[in-house]
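# Architecture at a glance
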Amino acid sequence: MMSKNQQLFERSQKLIPGGVNSPVRAFRSVGGTPVFFKRGLGAYVWDEDDNQYVDYVGSWGPMILGHAHPEVIEAVREAAGNSLSFGAPTARELEMAELLIKLVPSMEQVRLVSSGTEATMSAIRLARGFTGRSKIVKFEGCYHGHADALLVKAGSGALTFGQPSSAGVPPEVAAHTITLSYNDIAGVEELFATIGSEIACVIVEPVAGNMNLIAPAPGFLQALRAQCSQRGAVLIFDEVMTGFRVALGGAQGLYGITPDLTTLGKVIGGGLPVGAFGGRRDIMQCLAPVGPVYQAGTLSGNPVAVAAGLTTLKLVQQAGFYDRLTARTAQFVDGLKQVAKEKGVTFSAQSVGGMFGVYFSEQAPSSYAEVMQSDKDAFNRFFHAMLENGVYLAPSAFEAGFVSAMHGDAEIEKTLDAARRAFGA
Ligand code: PMP
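As annotated in an unreviewed UniProt entry, the protein is Glutamate-1-semialdehyde 2,1-aminomutase from Novimethylophilus kurashikiensis. Annotation of the protein in UniProt includes, under Subunit (unreviewed entry), the sentence "Homodimer." Comment text from UniProt for the protein, heading Catalytic activity (unreviewed entry), reads "(S)-4-amino-5-oxopentanoate = 5-aminolevulinate".

Rendered as structure tokens:
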């Protein structure tokens, strides 16, 4: 007898490419049948076969308050009752802008969009419009959404043009994107020394979370700041994942670096589609209708989505919220390391705020090349053993994990018990 999950996946593969609306959901990396979810509450989610899991994906970051938080749900109900959309200014989106600017001081002005992809794509266009330059710099293994210019992998040498990493991206589009190695300060300095005056912007995940988790090496973010300032390039921190996840002020607050532009998403929508980009007033003033850089959106600042985001942002400001989340996440990864050690498994793990990485290697990696050397098969076996024991991890060895404020001692214990069985097998 096929499970409900299997039946749904059979059907969905006929109608939706790969059966999913975003590739990693298909379990291609770990194998097996993706889980179809029907309900979530706090730290738990339930699938269509009524299996319960402790959730460490949290919709890839947004669910920092856990699932179906009563205050967020109430705010959404209340907003929805007053219409789902106007396509016109609202007082609530202004309140959201005020809050974002207060909590992320590098943002003097902000504009709301509906996804992280839109935020980064718009920030890149804005940086190019502001500087009048074409070249953009990104880092291997960092993901900034699926806009053409950002779906680019490294060329054969640091100073060669990028290659598209997706079909459908013309080489001419990728040619303006230069890809360097994460944490490679010398590579950045060399590039700026050579073509610094042609670079519109550097975009970086200040803690990389799309190649498992990689923390910035001491001095790396500082070097980006210094080089961009010297050469008049715009420094963009893509905090779609790290914003309101690693600390209240994001990674820029945690590490004390002021970018020129910041992109946000995930947590600021609390589970509904909200993204944002903002930064220096002189740069933001280049945006239409006041400036020449075009950017727009039918559902931008959507009242229901903003209600969810605003309520989420109010709740994460409670005293001690990030201290507790950071401590809980650290306690969790320490527990995992301890269990792996007991079972004699080669394993490491680390966390920054409420995000974590687990690696089947001796040490936490510091670059994409190092991540690629970790034992992917071991991760896949671990993933499935955890799933069978009621723990839902990201279905890929190359994604960060997320802990919510609803993950308490009971949930951590349950997870460590599952890990004991998984590592044992
Ligand atoms: N930037 C970063 C750092 C991300 O992690 C993501 C999504 N995982 C994006 C941009 C794209 O956001 P979205 O999926 O909302 O388009």
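### Section: the overall build of the protein
In terms of helices and strands, the protein carries 14 helices and 16 strands. In summary, the protein has a C-alpha radius of gyration of 21 Å against a globular reference of 22 Å for 425 residues, a match within 12%. Projected onto its principal axes, the C-alpha positions of the protein cover 60 × 55 × 45 Å. Sorting the 425 residues of the protein into buried and exposed places 49% on the buried side. Partitioning the contacts of the protein with sequence separation of at least 6, the portion at a separation of at least 24 is 72%.

### A look at the sheet that holds strand β16 (residues 401–402)
Read across the open sheet, the three strands follow the order β13-β14-β16; overall the sheet is antiparallel. With one partner strand each, in any of the chains shown, β13 (348–352) and β16 form the two edges of the open sheet. Across five bridges, β13 lies against strand β14 (residues 355–359) in antiparallel orientation. Bridge pairing in β14 links Gln-350 to Gly-357. Its contacts with the sheet put helix α11 (residues 321–342) on β13 and β14, and the angle it makes with β13 is roughly 180°.

### A short note on the site of the ligand
The full set close to the ligand counts 15 residues, and Ser-115, Gly-116, Thr-117, Gly-145 and Val-240 are the nearest of them. Here the element with the most residues in the shell around the ligand is helix α4 (residues 116–131); it accounts for three residues. Its residues assigned to classes, the shell around the ligand comprises four nonpolar, nine polar and two charged.

### A closer look at the packing of α11 against helix α14 (residues 409–424)
At their nearest, the axes of α11 and α14 sit 9 Å apart, and the two run at 25° to each other. Here α14 runs roughly parallel to α11, going by the angle between their axes. Crossing geometry of α11 relative to α14 is assigned as right-handed. Each of Gln-331, Phe-332, Gly-335, Leu-336, Val-339 and Ala-340 in α11 lies in contact with α14, whose residues at this interface are Ile-412, Leu-416, Ala-419, Arg-420 and Phe-423.

### Quick word on unusual backbone geometry
In this chain, Ala-288 is followed by Pro-289 through a cis amide linkage whose omega measures 10°. Among the structural elements, Pro-289 can be located in the loop between α9 (281–284) and α10 (303–316). The phi dihedral of Asp-50 is positive, around 70°, even though this residue is not glycine. Mapped onto the elements of the fold, Asp-50 is located in the loop between β2 (44–47) and β3 (52–55). By C-beta crowding, Asp-50 is classed as exposed, having 9 other C-beta atoms within 10 Å. Look at Trp-60: it is not a glycine, yet its phi comes out positive at around 70°. For Trp-60, the location among the structural elements is in the loop between β3 and α2 (70–80).

### Comments concerning the nonpolar core
In this structure, Ala-127, Cys-201, Val-202, Val-234, Ile-236, Ala-276 and Tyr-392 are the most contacted members of the largest nonpolar core, which totals 131 residues. Here this core gets eight residues from one element, more than from any other, and that element is α10. Shared between two domains, this core takes at least three residues from each, and those domains are domain 1 (4–68 + 319–424) and domain 2 (70–316). Ignoring sequence-local partners within four residues, the contact set of Tyr-392 consists of Val-35, Val-45, Tyr-53, Val-54, Asp-55, Tyr-56, Val-57 and Leu-387.

### With respect to the domain arrangement of the protein
On domain assignment, one finds that the protein holds domain 1 (4–68 + 319–424) and domain 2 (70–316). The gap between the C-alpha centroids of domain 1 and domain 2 is 25 Å. At the junction of the two partners, domain 1 supplies 27 residues and domain 2 supplies 30 residues. Elements represented by at least two residues in the side of domain 1 that touches domain 2 include exactly α11, β13, β14 and α12 (368–372). With four residues, β14 is the single largest residue contributor to the side of domain 1 that touches domain 2.

### Description of the packing of helix α6 (residues 185–195) against helix α7 (residues 220–231)
Here α6 crosses α7 at 5°, and the two axes come no closer than 10 Å. Classified by the angle their axes make, α6 and α7 are roughly parallel. Here α6 contributes Ile-185, Val-188, Glu-189 and Phe-192 to the contact with α7, which in turn contributes Phe-220, Ala-223, Leu-224, Gln-227 and Arg-231. The residue inventory of the contact of α6 with α7, partitioned by class, reads six nonpolar, one polar and two charged.

### So, the sheet that holds strand β9 (residues 199–204)
Strand order in the open sheet formed by seven strands is β4-β12-β11-β10-β9-β5-β8, and the pairing between neighbours is mixed. With partners counted over all chains shown, the strands left at the sheet margins are β4 (109–113) and β8 (177–180), one partner each. This sheet shows a mean twist of 20° between the axes of neighbouring strands, independent of strand direction. Note that strand β5 (residues 135–139) and β9 share three bridges and pair parallel. Within β9, the position partnered with Lys-135 by the bridge is Ile-199. Against the sheet, α6 engages β5, β8 and β9, with an angle of about 150° to β8.

Definitions and limits used
- Residues numbered from 1 in each chain as written.
- Predicted model: local features only at pLDDT ≥ 70, side-chain atom pairs only at ≥ 80, totals over all residues.
- UniProt positions renumbered as here; feature names shortened; annotations may be inferred.
- Helix = DSSP H or I, 4+ residues; strand = E, 2+ residues; numbered from the N terminus.
- Rg over C-alpha atoms; globule rule 2.2 N^0.38 Å.
- Buried ≥ 20, exposed ≤ 12 C-beta atoms within 10 Å, placed from the backbone.
- Contact = placed C-beta atoms within 7 Å.
- Pairing = 2+ DSSP bridges.
- Axes fitted to C-alpha atoms, helices over the stretch in contact; angles between N-to-C directions.
- Near = placed C-beta within 6 Å.
- Nonpolar A, V, L, I, M, F, W, Y, C, P; charged D, E, K, R; others polar.
- Parallel < 35°, antiparallel > 145°, perpendicular 65-115°, else oblique.
- Left-handed = near helix turned anticlockwise from the far one by under 90°.
- Core = buried A, V, L, I, M, F, W, Y, C linked by C-beta atoms within 7 Å.
- Domains from an automatic or database assignment.

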